[in-house]
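Remarks on the overall topology
These are the residues of each chain, in order.
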Amino acid sequence: MGNIVQRVKQLVLPEGEYLVIGSGLLDALNLRDAHDLDLTVSESLFETFAATGEYNRLMKYGSEVLEGNTDATKDIEIWKQWQEDLPFDVLIQKTVTVDGAVFAHPETIIGRKEARGLEKDLNDIRLLKEYYHYE
């Protein structure tokens, strides 16, 4: 576990222009493994990634996303927003940092996972609430 932090550091992302969303925080806190890296980034960083040719641009869940298309990027998704209702400029206002990598705030992650309500999300919610001592 903790692989997500190393992967974020390898990308050498500019401070204030990215944050990790999804289950990445659980991996960083050694609560469970995350097998992919989901990022939300600023508009300019999104376009920088798009220009590399290592990502396919598509629409997913009502949002524009880049999905990796090389061996090095195949399990990376880069979003302008977390689905249609949480844009980067809102998400970046409330974050947590683990070992130098920036993540969506646990309350935001819990809210998103509660809204989705999948079995794996319910376990993630429990793990985050226990770790942060939320009721």
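In this report, the structure presented in the accompanying data block is examined.

Rules and cut-offs
Residues numbered from 1 in each chain as written. Predicted model: local features only at pLDDT ≥ 70, side-chain atom pairs only at ≥ 80, totals over all residues. Heavy atoms only, no water. Salt bridge = Lys/Arg side-chain N within 4 Å of Asp/Glu carboxyl O. Helix = DSSP H or I, 4+ residues; strand = E, 2+ residues; numbered from the N terminus. Buried < 20%, exposed > 50% of the residue type's maximum accessible area, 1.4 Å probe, protein only. Contact = heavy atoms within 4.5 Å. Axes fitted to C-alpha atoms, helices over the stretch in contact; angles between N-to-C directions. Parallel < 35°, antiparallel > 145°, perpendicular 65-115°, else oblique. Left-handed = near helix turned anticlockwise from the far one by under 90°. Nonpolar A, V, L, I, M, F, W, Y, C, P; charged D, E, K, R; others polar. Arc of directions from axis to C-beta. Core = buried A, V, L, I, M, F, W, Y, C linked by side-chain atoms within 4.5 Å. Pairing = 2+ DSSP bridges.

Once their charged atoms are close, side chains differing in charge can pair, the charge on each being opposite to the other. Inspection of the entire model under this criterion finds 15 salt bridges. For Glu 47, the salt bridge identified is with Arg 57, shortest N-O distance 2.9 Å. In this pair, Glu 47 is assigned in helix 3 (residues 43-51) and Arg 57 in strand 3 (residues 55-60), connecting sequence segments 10 residues apart. A relative accessible area of 40% places Arg 57 in the partly exposed class. Taking the shortest distance from any N to any O, the salt bridge between Arg 57 and Glu 64 comes out at 2.8 Å. What emerges from the salt-bridge pattern is a single network uniting Arg 32, Lys 113, Arg 116, Asp 121 and Asp 124.

This part takes up the environment of Val 102. Within the secondary structure, Val 102 is located in strand 9 (residues 101-104). What makes Val 102 buried here is its relative accessible area of 15%. Counting along the chain gives 94 residues from Val 102 to Val 8, while the straight-line C-alpha distance between them is 8.8 Å. For Val 102, the residues in contact, after removing those within four places along its chain, are Tyr 18, Leu 19, Val 20, Thr 95, Val 96 and Thr 97.

Attention now moves to the packing of helix 5 (residues 106-116) against helix 6 (residues 119-132). Axes are the key here: two packed helices are described by the angle between their axes and the distance separating the axes. In the contact formed by helix 5 and helix 6, the axes pass within 9 Å of each other and the chain directions differ by 155 degrees. The angle between helix 5 and helix 6 places the two elements in the roughly antiparallel class. Crossing geometry of helix 5 relative to helix 6 is assigned as left-handed. In this structure, helix 5 contributes Pro 106, Ile 109, Ile 110, Lys 113, Glu 114 and Arg 116 to the contact, and helix 6 contributes Lys 120, Asp 121, Asp 124, Ile 125, Leu 128, Lys 129 and Tyr 132. Residues belonging to the contact of helix 5 with helix 6 are distributed by class as follows: 6 nonpolar, no polar and 7 charged.

Turning our eyes to something else, we now look at helix 5. For helix 5, the full list of buried residues reads Pro 106, Ile 109, Ile 110, Arg 112 and Lys 113. Seen end-on, helix 5 carries its buried residues on one side only, within an arc spanning 165 degrees. Elements that come into contact with the buried residues of helix 5 comprise helix 2 (24-28), strand 6 (81-82), strand 7 (86-87), strand 8 (95-98), strand 9 and helix 6. Gly 117 sits one or two residues past helix 5 and shows a positive phi near 70 degrees.

For helix 1 (residues 3-11), the complete set of buried residues consists of Ile 4, Val 5, Arg 7 and Val 8. Down the axis of helix 1, the smallest arc covering the buried residues is 165 degrees, so these residues share one side. With its phi angle positive at about 50 degrees, Val 12 sits one or two positions after the end of helix 1.

Turning our attention to the nonpolar core. Among the nonpolar cores identified, the biggest contains 41 residues, and Val 8, Tyr 18, Val 20, Leu 25, Leu 39, Ile 78 and Phe 103 are the most heavily contacted of them. Excluding its chain neighbours within four sequence positions, the residues that come into contact with Leu 25 are Val 96, Val 98, Phe 103, Ala 104, Pro 106, Ile 109, Leu 128 and Tyr 132.

As a further point, take the pairing of strand 2 (residues 37-41). Counting buried positions along strand 2 gives 5 out of 5 residues, so the element sits mostly inside the fold. Pairing analysis gives 4 bridges linking strand 1 (residues 18-21) to strand 2, with the strands arranged antiparallel. In the sheet register, Ile 21 faces strand 2, and the bridge partner there is Asp 38. When strand 2 meets strand 5 (residues 76-79), the two strands line up parallel, connected through 4 bridges. Pairing of Thr 40 across the sheet is with Trp 79, part of strand 5.

Remember, this is a structural readout, not a statement about activity or role.
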